[in-house]
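Below are the chains, spelled out letter by letter.
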Amino acid sequence: MKDLKIINARIPDFETDTWRTADLLIDRGVICQIGTVTEDAETTIDAAGKVVSPGFIDMHSHEDLITGGPYRNLAALCQLRMGVTTAVAGNCGENYNDLGDFVRYIKACGSPVNYLMFVGQNRLRLLSGADNRYAPSTKQQLEKQKKLLRESLAYGPIGLSCGLEYSPGITTEETIDLLSVFSEDGYLTSVHFREDGAGSLASIDELITIIKQSGIPLQMSHIGSCSATGYMEDAIASLRNARARGIDITSDCYPYAAFCTSIGTTVFDEGCFEKWDKGYEAIFITGGAYKNQFCTKEIFEKVRRETPEMPVVAFVLNEDEVIRACKEPFVMIGSDCGFEDGSGHPRSAGTFPRVLARYVREKNELSLIDALRKMTVQPAKRVLLSTKGEIKEGFDADLVIFDENTIADKADFEHPALPPVGIDYVIVDGKIALESGALANTAAGAYIAKNERN
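Cut-offs used in this document
- Residues numbered from 1 in each chain as written.
- Predicted model: local features only at pLDDT ≥ 70, side-chain atom pairs only at ≥ 80, totals over all residues.
- Heavy atoms only, no water.
- Helix = DSSP H or I, 4+ residues; strand = E, 2+ residues; numbered from the N terminus.
- Buried < 20%, exposed > 50% of the residue type's maximum accessible area, 1.4 Å probe, protein only.
- Contact = heavy atoms within 4.5 Å.
- Areas by Shrake-Rupley, 256 points an atom, 1.4 Å probe, with all protein chains shown as cover.
- Lys, Arg positive; Asp, Glu negative; His and termini not counted.
- Charge placed at Lys NZ, Arg CZ, Asp CG, Glu CD.
- 1 Å grid on protein atoms, 1.4 Å probe; cavity = no way out; pocket = protein on both sides within 12 Å on 5 of 7 lines; lining within 4 Å.
- Points joined across faces, edges and corners; volume = space filled by probe spheres on them.
- Nonpolar A, V, L, I, M, F, W, Y, C, P; charged D, E, K, R; others polar.
- Polar contact = N/O pair within 3.5 Å; in protein donor to acceptor, adjacent residues only side chain to side chain.
- Pairing = 2+ DSSP bridges.

**Q** Can you walk me through the overall build of the protein in this structure?
**A** Assigned secondary structure in the protein consists of 14 helices and 23 strands. Based on the C-alpha atoms only, the size of the protein along its principal axes is roughly 65 × 45 × 45 Å. Scored against the burial criterion, the 454 residues of the protein give a buried share of 59%. In the protein, of all internal contacts separated by at least 6 residues, the share reaching a separation of at least 24 is 77%. Surface exposure of the protein reaches about 17,500 Å², of which carbon and sulfur atoms provide 46%. Separation of charge centres in the protein, based on 47 positive and 65 negative side chains, amounts to 2 Å.

Have a look at this one:
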């Protein structure tokens, strides 16, 4: 007897932009039959009236710390609750864990979601002794970074992530030199731009240079927080022009008009408020003594000085430009999920339901099938997951079953981890991980190494 049967499933067909209703039969983590299924299974789900989608693939996220504590799995659990079955983590040049330790942990304990991982350039810099974020690496430091990156290849990362804004001393040349470690095809570069706002166009030009000289495709991180301050049309035009010339660059975006990062980062260096044409009151503290308060000059300077790792939310983006980005065909959905001791941004728990509720159902800015494409098959193809992102026979049984009329995000800036509503089931590797909004299996996910994708 097979493991699982789903009947009356309304399934998107991304090749024809149509919908079909069929049954699914699942066994050993794989979709083995689609159509009219008469065979019994150990468990049957009636999905009548609901959408059965491929599990969402979070194109831009950050993994949880594995070193104990009450929040060890918070980000991954929030992702699972909002329909994510696979997360692409290690972005923005950062790894929160040693890659080898993380892989061993997932293999031993499982995970709420599947993971693919980048190796972070900024972390490599710190490990090499390049701890001045405003200075370039020395030749010796760069050679050590290359050695560390070569050693990491044993764990099958999908590429290198760069956080140029967080370490402005990084040069274009040292990034290209570091990428030379990847001597075979199939790798991807993920880059958090060097400068937002008026500097975003020059930042995009730098990314194009990196692609041309390294020969490696590139994912530009969260275009909303780069250009949704009055520069989105110019940014999209620049990216369109590059793609028309054969430059392999795509991007991702989350559906909020505010970004989040640590208050001690270079993002908040002198001149940031003039750049955004905003004041201190645009900055929202997510934890500590000033939790859920907007800043004054005094609070901002005190928190930046005393608790530089504190995540803060910056309400400096324009939602119409964020929506514009999300509608662009080469832009996927990525949550930028991550928490610091439970503090963070509601994007970590609400991104995917919010797109479906706000941008599809309420504002009619995206069709349902286009939104799902940006969450499933498009990111799957970008990271070369050949058996994920679509509902086909022989594909992995990573699925989310939801009500398109009620799905909605509930997380807000004061309660960033609140789960969404309207999601009935999340299935990871053929196992029911969430049922009726309740967690049922938090260890069904696995680490996916580069050589395991095809």
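That shown, we press on.
**Q** Quick question: what am I supposed to make of helix H1 (residues 74-81) here?
**A** Side chains three or four residues apart in an α-helix point the same way, a direct result of the helix having 3.6 residues per turn. Across the eight residues of H1, seven count as buried, placing the element largely inside the fold. Along H1, the residues classified as buried are Leu74, Ala75, Ala76, Leu77, Cys78, Gln79 and Leu80. At the C-terminal side of H1, Gly83 shows a positive phi close to 95°.

**Q** Teacher, can you tell me more about empty space enclosed by the protein here?
**A** Any empty space left between the atoms is revealed when a probe the size of a water molecule rolls over them. Within this structure, the stated rule accounts for one cavity of 30 Å³ or more. In terms of lining residues, the largest cavity is bounded by Pro54, Gly55, Ile57, Thr85, Thr86, Thr387, Lys388, Gly389, Glu390, Asp396, Asp398 and Leu399. The residue inventory of the lining of the largest cavity, partitioned by class, reads three nonpolar, five polar and four charged.

**Q** How should the side chain of Glu174 be read in this particular structure?
**A** For Glu174, the location among the structural elements is in helix H5 (residues 172-179). By relative accessible area, which is 4% here, Glu174 ends up buried. At 2.8 Å, the side chain of Glu174 forms a polar contact with the side chain of Ser137.

**Q** Please clarify how unusual backbone geometry should be interpreted in this entry.
**A** Of all residues except glycine, most have a negative phi; of all peptide bonds, most are trans. Look at Asp17: it is not a glycine, yet its phi comes out positive at around 55°. Here Asp17 lies in the loop between strand E1 (2-13) and strand E2 (18-27). We note that Asp429 has phi near 55°; this positive angle belongs to a residue other than glycine. One can find Asp429 in the loop between strand E21 (423-428) and strand E22 (431-435).

**Q** It is not clear to me how the sheet that holds strand E15 (residues 293-294) should be interpreted in this structure. Could you clarify?
**A** Taken in spatial order, the four strands line up as E13-E16-E14-E15 in an open sheet, and their pairing is antiparallel. Each edge of the open sheet is held by one strand with a lone partner, namely strand E13 (259-262) and E15. In terms of strand pairing, strand E14 (residues 283-285) meets E15 through two bridges, oriented antiparallel. Across the sheet, the residue bridging to Ile285 is Gln293, located in E15.

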